[in-house]
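Each chain, written out:
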Amino acid sequence: MSHSSPFRLGVLGSGKGSNFAAIADAVAAGTLPATVAVVLSDVPDSGILSLAAQRGIPGHHIAPGPFRTKLDESAEAEFIATLERAEVDLVVLAGFMRILKGGFLRRFEGRVVNIHPSLLPSFPGLAAWKQALDYGVKVTGCTVHLVDQGVDTGPILAQKAVPVLDDDTDGSLHARIQVAERELFPEVVRQLALGHIQVKGRISHRRGPTP
Ligand code: GAR
């Protein structure tokens, strides 16, 4: 990973973009020493692209192809080429709802980070807050992890717990998890930008000053 200044982020998302907004706000506030070089989405009318446009950050829709859960070959090539042109140091998955595999992960090996709305390894996959509620756990949260070839299986970089309350609904629990996400994700990206996280195999360590 290059640590030349500025540390360049490529953000991928499919949804409303609140995690992207938290990261872009931290950059704008000067607390995250990075620049958002480009925002890419597989969903043309996604909130994340509107938020990027509002902030004057380059944003592009790339059509994902015919599959529901992954990119087809030409879409994957276009994502890779666009991120390469933007010279990104880190690919940030902020609610990107497609599985990235093979060629993409080889191109950005060890440089793709994801936020997942549960305490992994519990509840990988879709609607993790609903899985937690249905299971009956009393604590859940969010996880920032490096992306590997599995689904939500890569090395864990940081986690933040949130309580599950007796009267929670899917919506109230996801909203509480998202508050934690907006604190955790910019902080972990900051530590990556500063080179303060070292990963050996599955295990990550802080090697710089802790916040
Ligand atoms: C977030 O809660 C994120 O954890 C989740 O999508 C939401 C996106 O919200 N990601 C996944 O479920 C990935 N498996 P946002 O668009 O407001 O950032």
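Our subject is the structure listed above.
Bear in mind the structure is a predicted one, so any value in this text is a computation, not a measurement.

Turning next to the site of the ligand. Looking at the ligand, there are 13 residues lining it, with Gly17, Ser18, Asn19, His174 and Glu181 nearest. Gly17 is positioned such that a nitrogen or oxygen atom in its backbone is 2.8 Å from an oxygen atom of the ligand. At 2.9 Å, a side-chain N or O of Asn19 approaches an oxygen atom of the ligand. Coverage of the ligand by the protein chains reaches 92% of its 450 Å² of free accessible surface. Looking at the shell around the ligand, the elements that each hand over two or more residues are helix H1 (18–29), strand S5 (112–116) and helix H6 (170–193). Top element by residues in the shell around the ligand is H6. It accounts for three residues. Among the residues forming the shell around the ligand, the class breakdown is three nonpolar, eight polar and two charged.

Okay, the sheet that holds strand S4 (residues 90–93) next. The sheet built from seven strands is open, its strands ordered S3-S2-S1-S4-S5-S6-S7 with mixed pairing. Unpaired on one side and paired on the other, strand S3 (59–61) and strand S7 (156–163) mark the two borders of the sheet. Each neighbouring strand pair of the sheet contributes to a mean axis angle of 20°, computed without reference to strand direction.

Here is what the cut-offs are and how they apply
Residues numbered from 1 in each chain as written. Predicted model: local features only at pLDDT ≥ 70, side-chain atom pairs only at ≥ 80, totals over all residues. Heavy atoms only, no water. Near = heavy atom within 4 Å. Polar contact = N/O pair within 3.5 Å; in protein donor to acceptor, adjacent residues only side chain to side chain. Areas by Shrake-Rupley, 256 points an atom, 1.4 Å probe, with all protein chains shown as cover. Helix = DSSP H or I, 4+ residues; strand = E, 2+ residues; numbered from the N terminus. Nonpolar A, V, L, I, M, F, W, Y, C, P; charged D, E, K, R; others polar. Pairing = 2+ DSSP bridges. Axes fitted to C-alpha atoms, helices over the stretch in contact; angles between N-to-C directions.

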